[in-house]
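Descriptive structure summary
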Amino acid sequence: DVLITNIVEYIPVEFAAGTSSTIISGGMLRGETGPVYGLVAAAGQRMEIAITSLEENASFDVLTPSGGYLLSEIEGQEFNFSANLPEDGEYLITTNALRGNVSFNLDISIRDSE
């Protein structure tokens, strides 16, 4: 099980009507736990996330509704993640600063798998 403490901010991920993706800009100060994004999806759907960080110091985790890691601690200026989801429910995307202050963009999409 994963325990998330000291959440700075919880933000539900919402898509504009008729779309299945969104770009979220965020940031955090050194030593802070960043925003946690919640996204409700169904088993079998495909989640895709691209993160960009000018400072190359952002990481993110993806947690399943049952509390396990789908993805843990990825770093890079541009990173792409894609996976079919194992269960129904709310997935959490946690963001972290690896060093210094961080600004980032998360491009998140959910689609039916083919």
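See the structure above.
Quick caveat, the model's predicted, so the values are computed rather than measured. (Residues numbered from 1 in each chain as written. Predicted model: local features only at pLDDT ≥ 70, side-chain atom pairs only at ≥ 80, totals over all residues. Heavy atoms only, no water.)

A count of helical and extended segments in the protein gives zero helices and nine strands. Seen in sequence order, the protein has helices and strands lined up from the N terminus as β-β-β-β-β-β-β-β-β. Within the protein, residue pairs in contact and separated by at least 24 positions form 78% of the contacts whose partners lie at least 6 positions apart. With the model as given, the accessible surface of the protein reaches about 6200 Å², and the carbon-plus-sulfur share is 46%. (Helix = DSSP H or I, 4+ residues; strand = E, 2+ residues; numbered from the N terminus. Contact = heavy atoms within 4.5 Å. Areas by Shrake-Rupley, 256 points an atom, 1.4 Å probe, with all protein chains shown as cover.)

This part covers the nonpolar core. Of all hydrophobic cores here, the largest spans 24 residues; its most connected members are Met 47, Ile 49 and Val 62. Every element with two or more residues in this core is listed here: strand S2 (21-28), strand S3 (33-41), strand S4 (45-52), strand S5 (58-63), strand S7 (78-84), strand S8 (89-97) and strand S9 (102-112). For this core, the element with the highest residue contribution is S9, accounting for five residues. Setting aside anything within four residues of it in sequence, one finds Ile 49 in contact with Phe 60, Val 62, Phe 79, Asn 80, Phe 81, Ile 93, Leu 106, Asp 107 and Ile 108. (Core = buried A, V, L, I, M, F, W, Y, C linked by side-chain atoms within 4.5 Å. Buried < 20%, exposed > 50% of the residue type's maximum accessible area, 1.4 Å probe, protein only.)

Moving on to the environment of Val 62. Its location among the elements puts Val 62 in strand S5. Residue classification places Val 62 among the buried residues on the basis of a relative accessible area of 0%. As for Val 62 and Thr 95, which are separated by 33 residues in sequence, their C-alpha atoms are 9.2 Å apart. Discounting residues that sit within four places of it in the chain, Val 62 has contacts with Met 47, Ile 49, Gly 68, Tyr 69, Leu 70, Leu 71, Phe 81, Tyr 91, Leu 92 and Ile 93.

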